[in-house]
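# Examination of the molecular architecture
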Amino acid sequence: MESQACLRVLGPVQVQDNEGWQTPPGAQLRLLMAFLALSPGRVVGAGDLVDLLWEERPPPSARASVQILVTRLRKTLAAVPDCVPERYGEGYRLRVRPGLVDVHAFRSLVSSARDADNSGAAIATFDQALRLWQGTALADVPDTARVDAIRAGLAAEHLSAVEDRFSCLLAAGRDSQAAEEIPLVLAGYPLAERLAGLLMIARYRGGRQADALKVFRSLRDRLAGELGVEPGPDLQNLHQRILSGDRALAGLPVRRWRFSGAPDAPGSDHAGSRVVMPRQLPAAPAHFVGRRQELALLTGWLDSGVASGESMTLAITGMAGVGKTALSLHWAHEVQARFPDGQLYLNLRGFDPLPAMTPGEAVGGLLESLGAGTSRAVARLDAQAGLYRSLLAGRRMLIVLDNARDETQVRPLLPGSSSCVVLVTSRNQLAGLVAAEGASPLMLDVLGGTEARQLLASRLGPDRVAAEAGEVTELTALCARLPLALAVTAARAALTPSFPLASLAAGLRDRRRRLDRLDAGEPTADVRAVLSWSYRLLSGPAARMFRLLGAHPGPDISAAAASSLAGVERPAARDALSELVRTSLLQEHAPGRFVLHDLVRAYAADLCSEADGRSGLSRVLDHYLDTAQAAAELAYPQAHGTAPLPKGREPAEQLASADEALAWLNAEYRVLLAAASAAAASGLDTHAWQLPAVLRSYFCRRGHYQDWAQCQQLALAATIRLGDHLAEAFTHQLLAEALLQLGSWTEAHDHMREALRLCRRLGDAGGQADCHFGIARVNELWKNHSRSLYHARRAISLYRTAGNLAGQASALNAAGWSHALLGNNQQALSCCGKALDMHRQAGDRFEEAITLDSLGYCCHQSGQLGQAAEYYQQALRAYTETADPYYRAQTLIHLGDTYVASGRPRAGRAVWQQALAILDDLHHPDARPVRAKLRAASA
């Protein structure tokens, strides 16, 4: 069936509408259409299009002109179905089915022809493909270096298809037709060795031995005169066989012959001396799943490179066992038809039990694959590389360089021809190759959750995976979705089909033994061994940093914390981290923040001695404690309480403002939780209780109540082990505060009473006051306002005894609040008014705002709604100065209540919306009741 292409670039640039083929007006419009059509769906940056359309000195309005051209192109293509040029981010793309573009239809037909089952079908399909050519590609667009490169690439594809068709003619026995047609093509490509070889065979088979030899002599003269070189070994070999009258050459039926040395009959004297066209790709990996985005990206890069005519190197990098080789081979098999001159494959052994290949060994191996015997090779690496590039010139070949150690190993293996594509895999990031050679980098990550399940299903069968779905989910998590670990686990499961998958999961749950279970009995199927090949290549400082990272609690680490962990200066720490990132043992998942894959962390922990791990953990816990204390004091300077904490030492990280402090706390929050847990598990009990203590205000203001309670449970156990009764009392108080927020009021009351008992025993008046203050809060929640008032008064007295004026003022405010709840409005206003004066005298704007909120509530309760609103407005202004969003949200809620009570529901809803926005931004659970208020108001 003829192709239904509607866009032409293989000849004049044209588009088909209802009236036939039309030429878009304007050379720039034709060039734009052709360039976008060559890579349909690929986004081309506006800057790239400017460079394409204006080779020298684009006008200042170039980007605007591109936009106008795209608009004109949209009108030009309006009659083409499913073909729309569109803006995408900062670039443009042509959304079109590839089959509608002649070049993609051509490639599809050529691929089908090469895969055809018989020569006749192949010839017919080649003819169909070649009919799509209407002359020189992009014939009516301006000549520029970029356009010339595109034309050259497309011309090479055309010539390769023509040569394959001639091979099929010879295979079908249509020698005379080939002998008649080949000279017409050879006249346009007078140095094409493959064409000359095909013509020699066609004439030899037609009984014209002298004419066949004359073709060789003519080509040899042209090569010597124009390039100063001899014909290659393939043609030399063919020439000798024709001279000797090789009968096998004359009559051998061949399915499809490609010129890489003439075909040999079995038993021929020449068998074994010929050069076989390289088809060196190992078998495509079995059970390959997923990776659709990565495959599409690689193919998109290939299309782009062909369209631009530029040489192309693709670099797949990532950690050990992530599936780089599997992806590269799967993709290489998918696109091998686009490389008719063969595919080379070389394992460079960069990360391997065997010594890595030297560049000289690698070039030598590739030269042998290309038919250059040792007699032709020379000793110097630069000369070998030059010969290698010469042999690749003009050929369309794919070179897969697997398991490269670094850029130095790869550079001599890069061809000089833009018709060849190099695909490199490495655990090294190959940043130098990306920077200097323009390699396109693909950082490969672990499989997604669905892909990991698909991998297990492909090996174990969908029925078994579906029957044990929960166990499969756990297995993918325990293997951290690393393809190698999943493959080893699947192999173990396949070998024991009667065993439930739950037994495999149970064996992997123990972190200390997990890597033992991920060993299939040979080095390449042993996660620990595969990781070791990366570790052994590290420098001493990087290897030490890697081991210590195994002792870090995670989930990630900053460069500053890594410096403390290792006990080295920041520059040395950054150097070690950078080396680990380059070798894919560590990922920099955010600027300045690093993470170990779970199984890599397990391997690092195996390598770290207990003594080194404990000292490193102690150093980094000091780092977190000192910096967290400084951050909390900056972020929450008004926080009140009598914490028995040591004065903060000089923090490891310097924070200049409250905003910086909050940003640090937000970034390190999960790390601080893990650090507190690790401290408790490691017997570093002082860190275990002090870390949660310095985070008190952060826990409360951000609404992390469950985390707070869990940390305080560990902290309480730590203080009991230490026998530090003062710290124990304080930890009881903090645990009670967290439990109050979780609604566990009775349990909170018990912890407050125990703290009060310990403080009385210690004679700590300030601690006792804090406890009474907390017990007053519990009684308020129980609506036992008389008892709440009693404990608030006790707190006032004890704060006075301890000389704590700030505590005394806060307790006065609490007493006023209790009076308000009891309906004692005058006493409430009196207590809160005195508290307000004390806070103003002390210059404490935060506690002033808290008390203004209480006064607003008192006025609201007594029906003085206007005065209540005024107090709330004053409180909001004070909160703005103290930058405390949580309490500002609480006052906004109260103000909204007052507006609604005073007949202003719209104003009430407006301030509730402000409160909700703040609480949502904080991810605070108090947002739920505000949302309920708004729903009720709307109803």
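Above this text you will find the structure in question.
Since the structure is predicted, the reported quantities are computational estimates derived from the model, not experimental observations. (Residues numbered from 1 in each chain as written. Predicted model: local features only at pLDDT ≥ 70, side-chain atom pairs only at ≥ 80, totals over all residues. Heavy atoms only, no water.)

## Focus on the packing of aromatic side chains
- Counting across every chain of the model gives twelve aromatic pairs.
- Judged by centre distance (5.8 Å) and plane angle (40°), the rings of Y535 and F546 are tilted. Residue Y535 is found in helix α24 (residues 527-535), and its partner F546 is found in helix α25 (residues 540-549); the two are separated by eleven residues along the sequence.
- Measuring from centroid to centroid gives 5.3 Å for F846 and Y887, while their planes differ by 75°, and the two rings are edge-to-face. Taken together, the residues F846 in helix α40 (residues 845-861) and Y887 in helix α42 (residues 885-901) connect sequence positions 41 residues apart.
- A cation over an aromatic ring shows up here: R8 above the ring of W21, its NZ or CZ 3.8 Å from the ring centre. (Phe/Tyr/Trp six-rings, centres within 6.5 Å; stacked < 30°, edge-to-face > 60°. Helix = DSSP H or I, 4+ residues; strand = E, 2+ residues; numbered from the N terminus. Lys NZ or Arg CZ within 6 Å of the ring centre and 35° of its normal.)

## With respect to the sheet that holds strand β2 (residues 14-17)
- On the basis of which strands lie adjacent, the open sheet formed by three strands has the order β1-β2-β3 and antiparallel pairing. The open sheet is flanked by β1 (7-8) and β3 (20-22), the only strands paired with a single partner.
- Two strands pair when backbone bridges link them, and β1 and β2 are joined in this way by two bridges, in the antiparallel orientation. Opposite R8, over in β2, you have Q14 as the bridge partner. (Pairing = 2+ DSSP bridges.)

## A look at the sheet that holds strand β4 (residues 44-45)
- One open sheet accounts for three strands, arranged β4-β6-β5; its pairing is antiparallel. Every other strand in the sheet has two partners, leaving β4 and β5 (83-88) as the edge strands with one partner each.
- As judged from the two bridges shared by β4 and strand β6 (residues 91-96), these two strands associate in the antiparallel manner. Within β6, the residue paired with V44 across the bridge is Y92.

## Side note on the state of the cysteines
- Taken as a whole and assessed by the stated rule, the structure comprises zero disulfides.
- Here C83 is not disulfide-linked; the sulfur of C6 is the nearest cysteine sulfur, at 8.3 Å.
- Relative accessible area serves as the criterion here: at 5%, C83 is assigned to the buried category.
- This cysteine, C711, is not joined by any disulfide, and C700 carries the nearest cysteine sulfur, 15 Å off.
- Overall, the relative accessible area of 8% leaves C711 in the buried class. (Disulfide = S-S within 2.5 Å. Buried < 20%, exposed > 50% of the residue type's maximum accessible area, 1.4 Å probe, protein only.)

## Some thoughts on the packing of helix α1 (residues 27-38) against helix α2 (residues 46-53)
- Put simply, α1 and α2 touch, their axes get as near as 10 Å, and they point 130° apart. As the angle between them shows, α1 and α2 are arranged oblique. α1 and α2 meet at a crossing whose hand is right-handed. Along the contact surface, α1 presents Q28, L31, L32 and F35, while α2 presents L49, L52 and L53. (Axes fitted to C-alpha atoms, helices over the stretch in contact; angles between N-to-C directions. Parallel < 35°, antiparallel > 145°, perpendicular 65-115°, else oblique. Left-handed = near helix turned anticlockwise from the far one by under 90°. Contact = heavy atoms within 4.5 Å.)

## Points about the side chain of H924
- Within the fold, H924 resides in the loop between α43 (905-921) and α44 (927-938).
- With relative accessibility at 4%, the residue H924 sits in the buried group.
- At a separation of 3.0 Å, a polar atom in the side chain of H924 contacts the side chain of Y705.
- Those residues in contact with H924, other than ones at most four positions away along the chain, are C700, R701, R702, G703, Y705, Y886 and L919. (Polar contact = N/O pair within 3.5 Å; in protein donor to acceptor, adjacent residues only side chain to side chain.)

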